[in-house]
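Residue-level structure breakdown
Each chain, letter by letter, is given below.
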Amino acid sequence: MTTAAPAPKPNMGQPIPRYDAVAKVTGTAQYAADMPLRDPAYAYLVTSAIAKGRVDNFDLSEAQKVRGVVDIVTHENAEHLEPAKFFSNGGYASTTNQPLRSPDIAEEGQIIAVVLADTYEAAREAAHRVKVSYTAATPTASFHSPGTVAARAKGQLAMFKDDPKVGDFDKAFEEAEVQISAEYETPPQHHNPMELFATSVAWNGDSLTIYEPSQFVHGLKNGVATQLGIDPDRVHVVNPYVGGAFGSKGSMTPRTAIMASISRRLRRPVKLVATREQGFNVSTYRAETRHRVELGATSDGKLTALRHEGWEISSRADAYCVGGTKTTTRLYDCPNVDSLVWIVRADRNTPGFMRSPPEVPYLFALESAMDELAYQLKMDPIELRRVNDTNREPIGGKPYTSRSLMACFDEGAKAFGWAARSREPRSMADGEWLIGYGCATTCYPTQMAPAAARVRLRRDGRVRVEIAGHEIGNGAYTVIAQAAATRLEVPVEKVTLVIGDSDLPPAPVAGGSNSTASTCSTVMMVCDQVRQRLLKAMMPNQGQTVGQTPSGGASRSDQRLDLDREAAFDALGVSVIEEYGEWKPDGAPADAFRAMHNGQVRMVGGPEFGGRIAYAFGADFVEVRVNRFTHEIRVPRVLGAFAAGHIMNPRTARSQLMGGLIWGVASALHEATELDERYARYVNDNLADYLVPVNADIPDVEVILLSEEDTQINPAGVKGLGELGNVGTNAAVCNAIFHATGQRIRRLPVRLEKIEV
């Protein structure tokens, strides 16, 4: 028996099934490593066993005896590649530490050799027979290690522009009736997407084709071309599906140009699939962070002073940081704010974007501190947030385009049963289980970037949409197809969507939850151009227009096309209408379109959206149970209520948010990359030891989608939500643990050995 899907709420699209569902469940969806190559050489990486020092020599004699070995490439015989500029400073690369350039070792797991063979098995065996002699130095691993170098983030990288501040924090904090000062820590974490890091390359004359899981095919195309010293038009990146990424496949990694160079040298296609263990080092990760949060408030809970200081680990090579104070300093109404972010250099690989890069660690600190303040005030945590809710951010006084934070708390509290929560810690129990309820704010900036699209409408209503967007599991195929189908008034089954190919019109990196807002706004605009041609043919003397200006707010179309599409095609004398268009959001710089075609990012939104500030909001609620005797921690219920503008597809949105909530619980209780600080080496670099939740850990997850209309952000009216779901959940879990046990835990992850009840 089947039941009809519930009718969508106002300002929500239809919850249709995924466009790519059949392809994925039948195995016909092709990922990068699935792409067939003719007679490829298989590559296997040899990576450094030390984190600092140099390679003295290689003994390749045993490796070269393995049947089928074609070549072994080291720094001694590798092609010299052009330097790669760091992504966070306007370049393409995830790190400027380029391997195979010299014998120097800057991080554990650095690529020091590549073995090529006729089979994967031969390459693997030979790689394990490569013998390396090192001169090792003592590495600096993390905050606790000697030899770190700390400096203010401001001025070190383009993506972190300033430390937000306003008023006189010191004076206000000193005079505050109630004060909170606490320190918090989050651990390193790795993305661990199910799809391994793979690169297949093939040359056809002087043209290169790359099959690689990428969140930014145009960036990868231009970045590899720069390193190889060739025209970008000679590079073609194909990647219709990405099997999970979470930020790890957003910028060019060092391996790609190396594989292309080796393939050119061998005059043979090359296929590389890095192992799970190698993926911990040859890609990026979420760096560990430290925080100090100081809050001053009146006795009735009104914030008068807020200071957030953060420290983040980065590599010696690159000044990377996420700098989440740009959000935490603007979240609540407070007249006196101060902040400071530090980058701490160590002998590690360069960190990178990991789902909700700034917000996950930084809101853990702020939302934990807000809970501590609520308890000190003997105030309900939701009411504390209500007292400090605001329609204008405090740093620049900019108005929010829309802000439904308290509506999320109200809806979520009602559905969760927050009213049944007793106020005092350790006051709720069920036998040997202590019960706690916790909540936290979640938010994520609404970001957009320029994009281009081509739309072709046929007389019979079939539509073809081309845009170099990315399907990273987020439902991009589905929502872009829906946008076109809705705009052109055809069934979605008649829409063919082609994405994930650098020969298509460029789209931005699939990161920062900007994809739906950027690609759908662009496709809608180009569909309106198609509509305009039809309507002019149908009503040539009325000068009708469709929608609003490309950079305006949410557009709409009042005229319907189905009254006589055939007549319009007859009047035009064609059987196909094709339109191309480029869209950019309000506030995009003058070079936005040029940068887009060069594979560079010009993203706007969030706190930097002209005279406005744009965020999606939500409220997380968690029930925990802590065993009095074993100290086991269980999370039987998680609920999130979210408002993110127009929801293109409630079904795919719900899945994204549910996954985010589960990941938020994982960031509180499970996930941590264990580091051997003696050697700056990752220890649990596999899925057996790297802990993630399983079904038994998350019995009940509920997602509530609130209807919200925002006409100021983009033509689609969309706010990003892919990264919204896992922000704040870690704080909500810890706040619930405090309510259950009376013990405040400020260092993640929370394992049973930390419980002292």
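All of the points below concern the structure found in this document.

The rules behind the values
Residues numbered from 1 in each chain as written. Predicted model: local features only at pLDDT ≥ 70, side-chain atom pairs only at ≥ 80, totals over all residues. Heavy atoms only, no water. Helix = DSSP H or I, 4+ residues; strand = E, 2+ residues; numbered from the N terminus. Buried < 20%, exposed > 50% of the residue type's maximum accessible area, 1.4 Å probe, protein only. Contact = heavy atoms within 4.5 Å. Expected span 1.5 Å × (residues − 1). Phe/Tyr/Trp six-rings, centres within 6.5 Å; stacked < 30°, edge-to-face > 60°. Lys NZ or Arg CZ within 6 Å of the ring centre and 35° of its normal. Core = buried A, V, L, I, M, F, W, Y, C linked by side-chain atoms within 4.5 Å. Pairing = 2+ DSSP bridges. Axes fitted to C-alpha atoms, helices over the stretch in contact; angles between N-to-C directions. Parallel < 35°, antiparallel > 145°, perpendicular 65-115°, else oblique. Left-handed = near helix turned anticlockwise from the far one by under 90°. Nonpolar A, V, L, I, M, F, W, Y, C, P; charged D, E, K, R; others polar. Disulfide = S-S within 2.5 Å. Salt bridge = Lys/Arg side-chain N within 4 Å of Asp/Glu carboxyl O. Polar contact = N/O pair within 3.5 Å; in protein donor to acceptor, adjacent residues only side chain to side chain.

1. Here we look at the side chain of T74
Note that T74 resides in strand β3 (residues 69-74). Accessibility expressed as a relative area gives 3% for T74, which makes it buried. If we skip the residues at most four places from it in the chain, T74 touches F58, L100, I112 and A113.

2. Considering helix α12 (residues 476-488)
Under the 1.5 Å per step criterion, the end-to-end length of α12 is 18 Å for 13 residues, consistent within 8% with the ideal 18 Å. Taken across its 13 residues, α12 has twelve buried, putting it largely inside the fold. Within α12, burial applies to A476, Y477, T478, V479, I480, A481, Q482, A483, A484, A485, R487 and L488. Where α12 is buried, its residues contact β19 (451-458), β20 (463-466), β21 (495-498), α13 (515-538), α14 (565-572) and α16 (650-669).

3. Overview of the packing of aromatic side chains
Throughout the structure, instances matching the rule amount to 21 aromatic pairs. Ring centres of Y615 and F617 lie 6.2 Å apart, and the angle between their planes is 35°; on these two criteria the pair is classed as tilted. One exposure class covers both Y615 and F617, and it is buried. Through successive ring pairs, a cluster of aromatic residues spans F409, F416, W418, Y437 and F621. Here the basic side chain of R403 rests over the ring of Y400, its NZ or CZ set 4.9 Å away from the ring centre. The aromatic ring of F609 is capped on one face by R612, whose charged end is 4.4 Å from the ring centroid.

4. So, the nonpolar core
With 88 residues, the main nonpolar core has L295, L303, L373, F621, L669, I737 and V750 as its most contacted residues. The biggest single contributor to this core is helix α9 (residues 359-377), with ten residues. Beyond its immediate sequence surroundings of up to four residues, L303 is in contact with L295, G296, A297, Y332, D333, C334, P335, M370, L373 and N388. A483, V526, A537 and I577 belong to the second largest nonpolar core, which has 45 residues in total.

5. A few points about the sheet that holds β20
Within a beta sheet, neighbouring strands are joined by backbone hydrogen bonds and run either parallel or antiparallel to one another. Spatial strand order, β21-β20-β19-β22: four strands in an open sheet with mixed pairing. Looking at strand neighbours, the two that pair on one side only are β21 and β22 (576-583), the edges of this open sheet. Taken pair by pair, the neighbouring strands of this sheet meet at an average axis angle of 15°, ignoring direction. Bridge analysis of β20 against β21 gives four bridges, and the strand direction is parallel. Residue pairing across strands places R464 opposite T496, the latter belonging to β21. On top of the sheet, α12 reaches β19, β20 and β21; it is set at about 135° to β21, its chief contact.

6. Observations concerning the sheet that holds strand β2 (residues 53-59)
Overall, antiparallel pairing links the three strands, which are arranged β4-β2-β6 in an open sheet. At either end of the open sheet lies a strand with only one pairing partner, and these are β4 (104-105) and β6 (131-136). As paired elements, β2 and β4 share two bridges and run antiparallel to each other. If you follow R54 over to β4, its bridge partner there is D104.

7. Let's talk about helix α17 (residues 729-741)
With 13 residues, α17 should reach 18 Å at 1.5 Å per residue; the first-to-last C-alpha distance of 18 Å fits that figure. Across the 13 residues of α17, 13 count as buried, placing the element largely inside the fold. G742 sits one or two positions beyond α17 and adopts a positive phi of about 80°.

8. Structural notes on the packing of α9 against α17
α17 packs onto α9 with a crossing angle of 30° between their chain directions and a minimal axis gap of 8 Å. The orientation of α9 relative to α17 falls into the category roughly parallel. Handedness of the crossing formed by α9 with α17: right-handed. Contacts between α9 and α17 pair V360, L363, F364, E367, S368, D371 and Y375 from the former with N730, A731, C734, N735, F738 and H739 from the latter. By residue class, the composition of the contact of α9 with α17 is seven nonpolar, four polar and two charged.

9. As for the state of the cysteines
As enumerated under the stated definition, the model contains zero disulfides in all. For the unlinked cysteine C321, the closest cysteine sulfur is that of C443, found at 17 Å.

10. Details of the pattern of salt bridges
Two side chains that carry opposite charge are able to pair once their charged atoms sit near each other. For the coordinates displayed, the defined rule picks out 60 salt bridges. The salt bridge involving R751 is made with E674; its shortest N-O contact spans 3.9 Å. Taken together, the residues span a long stretch of sequence, with R751 in the segment after α17 and E674 in the loop between α16 and β26 (675-676) at a distance of 77 residues. A relative accessible area of 38% means that E674 is categorised as partly exposed. Connected through shared salt-bridge partners, K165, E183, R292, R307, E309 and D338 make up one network.

11. Focus: the side chain of E212
With respect to the secondary-structure elements, E212 resides in the loop between β10 (207-211) and α5 (217-228). A residue is classified by how much of its surface remains accessible, and E212, at 3% relative accessible area, is buried. At 2.8 Å, the side chain of E212 forms a polar contact with the side chain of T256. Among residues more than four places away in sequence, those in contact with E212 are A32, A198, T199, L220, V238, N239, T253, R255 and T256.

12. Comments concerning the environment of N388
Mapped onto the elements of the fold, N388 is located in the loop between α10 (381-387) and α11 (405-416). Classification of N388 by relative accessible area gives buried; the value is 0%. For N388 and R276, which are 112 residues apart along the polypeptide, the C-alpha to C-alpha distance reads 45 Å. Apart from residues lying up to four places away in sequence, N388 is in contact with G301, K302, L303, Y332 and D333. Within the structure, N388 has its side chain in polar contact with the backbone oxygen of G301 (distance 2.9 Å). A distance of 2.9 Å separates the side chain of N388 from the backbone oxygen of L384, its partner in a polar contact.

13. Some remarks on unusual backbone geometry
What you tend to see is this: most non-glycine residues have negative phi, and most peptide bonds are trans. Cis peptide bonds are those with omega within 30 degrees of zero, and the linkage from L748 to P749 qualifies with -5°. Mapped onto the elements, P749 comes out in the segment after α17. Positioned with a positive phi, S356 is a non-glycine residue whose angle comes to about 60°. Note that S356 resides in the loop between β15 (337-346) and α9. Among the residues examined, S356 registers a relative accessible area of 0% and is labelled buried.

14. Here's the deal with the packing of α13 against α14
Contact geometry of α13 with α14 gives a least axis separation of 8 Å together with a crossing angle of 85°. With respect to each other, α13 and α14 are oriented roughly perpendicular. Contacts from R533, L534, A537 and M538 in α13 reach A568, F569, A571 and L572 in α14. When the residues that make up the contact of α13 with α14 are grouped by side-chain class, the tally is seven nonpolar, no polar and one charged.

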